[in-house]
Protein chains: 2
Amino acid sequence: MTKTKEKKADQPPLKRGSGVTHVYETLRNEIIELKLTPGSPIDEVQLSERFSLSRTPIREALVRLAAEGLITTLTNRATIVSNIDFLNLGDFFDALTLMYRVTTRLAAQNHRPEHVAEIQAFQDAFARTVAEQDVLGMIASNRDFHVAIAKAGGNRYYIELFTRLLDEGRRILRLYYSSFNDKLPQQYVTEHEHIIAAIVARDIALADELARVHADQIVSQIQSYISADTRPNASLSL
Amino acid sequence: MTKTKEKKADQPPLKRGSGVTHVYETLRNEIIELKLTPGSPIDEVQLSERFSLSRTPIREALVRLAAEGLITTLTNRATIVSNIDFLNLGDFFDALTLMYRVTTRLAAQNHRPEHVAEIQAFQDAFARTVAEQDVLGMIASNRDFHVAIAKAGGNRYYIELFTRLLDEGRRILRLYYSSFNDKLPQQYVTEHEHIIAAIVARDIALADELARVHADQIVSQIQSYISADTRPNASLSL
DNA sequence: GGACAATTATTTGTCGACAAATAAAATTTA
DNA sequence: TAAATTTTATTTGTCGACAAATAATTGTCC
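Values in this document were obtained by computation on a predicted structure and should not be read as measured data.

Draft legend 1. Fine view of the overall build of chain A. When helices and strands are counted, chain A shows nine helices and three strands. Start at the N end of chain A and walk to the C end: the helices and strands fall as α-β-α-α-β-β-α-α-α-α-α-α. When burial is assessed residue by residue, chain A has 47% of its 238 residues classed as buried. A separation of at least 24 residues holds for 77% of the contacts in chain A among residues at least 6 apart in sequence. For chain A, the exposed area adds up to about 12100 Å²; of that, 54% sits on carbon and sulfur atoms.

Draft legend 2. Geometry of the protein's contact with DNA strand C. Around DNA strand C sit 16 residues in total, of which A:Arg16, A:Ser54, A:Arg77, B:Arg55 and B:Arg59 are the nearest. When the atoms of DNA strand C within 4 Å of the protein are sorted by group, sugar and phosphate make up 60%. Separating a base nitrogen of DNA strand C from a side-chain N or O atom of A:Thr56 is a distance of 3.3 Å. One of the backbone nitrogen or oxygen atoms of B:Asn76 is found 3.3 Å away from a phosphate oxygen of DNA strand C. Elements with a contribution of two residues or more to the surface near DNA strand C: α3 (55-67) of chain A together with α3 (55-67) of chain B. Take the surface near DNA strand C: its biggest share by element is three residues, from α3(A).

Draft legend 3. The environment of B:Arg202, seen in detail. Residues and elements named next belong to chain B. Residue position: Arg202 is located in the loop between α8 (184-200) and α9 (204-228). Take Arg202: its relative accessible area is 41%, and that puts it in the partly exposed class. Considering only alpha carbons, one finds Arg202 and Ala108, 94 residues apart in sequence, at a separation of 4.5 Å. In contact with Arg202, not counting residues within four places along its chain, are Ala107, Ala108, Gln109, Asn110 and His111.

Draft legend 4. Local environment of the side chain of A:Gln123. All names here are of chain A. Inspection of the secondary structure assignment puts Gln123 in helix α5 (residues 113-131). Among the residues examined, Gln123 registers a relative accessible area of 0% and is labelled buried. A distance of 3.3 Å separates the side chain of Gln123 from the side chain of Glu193, its partner in a polar contact. If near-sequence neighbours (up to four positions away) are discounted, Gln123 is found in contact with Phe145, Val189, His192, Glu193 and Ile196.

Thresholds, definitions, all that
- Residues numbered from 1 in each chain as written.
- Chains lettered and ligands numbered in written order.
- Predicted model: local features only at pLDDT ≥ 70, side-chain atom pairs only at ≥ 80, totals over all residues.
- Heavy atoms only, no water.
- Helix = DSSP H or I, 4+ residues; strand = E, 2+ residues; numbered from the N terminus.
- Buried < 20%, exposed > 50% of the residue type's maximum accessible area, 1.4 Å probe, protein only.
- Contact = heavy atoms within 4.5 Å.
- Areas by Shrake-Rupley, 256 points an atom, 1.4 Å probe, with all protein chains shown as cover.
- Near = heavy atom within 4 Å.
- Polar contact = N/O pair within 3.5 Å; in protein donor to acceptor, adjacent residues only side chain to side chain.

Encoded structure:
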């Protein structure tokens, strides 16, 4: 309840340079979880009141978010939560698939025992959310699972890009989670298990192939959600 | 104290929100061109004097650079120009090669006439710098050439990552350009021509293969520079 | 003389305030 | 009444200043 979270009056003196990080991470999560809807304006003074901070650290956090593409700043005008770019979803799917493959390959190649343990832990969490029909939890733990694989691969450039893509994917999936089909997720659990096995066996070619199939699966599912969406103008980037 | 700063008294009233962009771009170039050497400290007040701006916009530019990984901020302590990470150069080469291939493939697939013109223009610039033995110009125009190919491919995620990788490569190459061998560059000109031909012919497989060979060529050349470097402790990340 | 402690100095992070730029409202005018 | 123009209001970008955190310096004691 009264944790050190956002509320009007919290304990101001947390630490010296931690305010910006807190604001950044909080807003980042809210954007990814669609608590802040795409296109909605960001009011600096409102945020400064909410976090009990001056506008300066708020601004710094916003610059970081803008550098990541999560918010868009119209100079001298408003700054808004970035829209999901439905027109270029193909780019997104292409890059996502490539990162699925490359990171899984590298994991099979470079992983160490502790990595497998972490991957398995997130896979357990994923299986749990599937069993509980917790769709939002599924989306999050699936993301953690693949980020863990990327970390086992070790290439920091891939880790960074892949993380961004997966988080962007979380935004997209949240838009359509209402139409989630309860039968498919179990298949993902199985596919994850196979991917883990291929990584442990250091079978690079198999890991690559499984990742590709897995990615195609997810991409086509998202696409089916989008095309099944009946809301008028829902696929327009506004 | 009063040493020669670029332009002490320039035209202050440029435009309202353009100060940060100017500072950002200027510093970015200086970092990439190694005018600001890795590890050297960034003094905010010194910069604010140099650009005739308050510390606030300077700070904003620095946050952007930090988000890109070009500078490193030690909280409450100094902020320095990021070091070149020689220990993980393998990651860099791997990601660079992948982006070479993927962007060239996509260019063969998606390019339009105006893209070819732009690519050819940068290739001409590259050939010119090779003829003039202008090594620094070579490095820059080679980068522009491949960024143009990435833009012809059209995938914004690849464009962004590739640009960052190529700029990081500029930093590395600048460290070793003194030992440049004058015979090899001509080969790059030829390889570039072949890549353009493959793109124009929309031969995706050939474009991919040429890009791979080209990337391997460059990677092995950089590696030979590094291993041939005789400076003591030169390969240490300090 | 060297190690430790206290003091000073420098630098960073944050603040409140002001001015430019834009949006919104009010007024005028045809 | 509607378009155009002036006035007001809101919001962003920038500034100078202050306080916390750290580094540098000095002083003290063994």
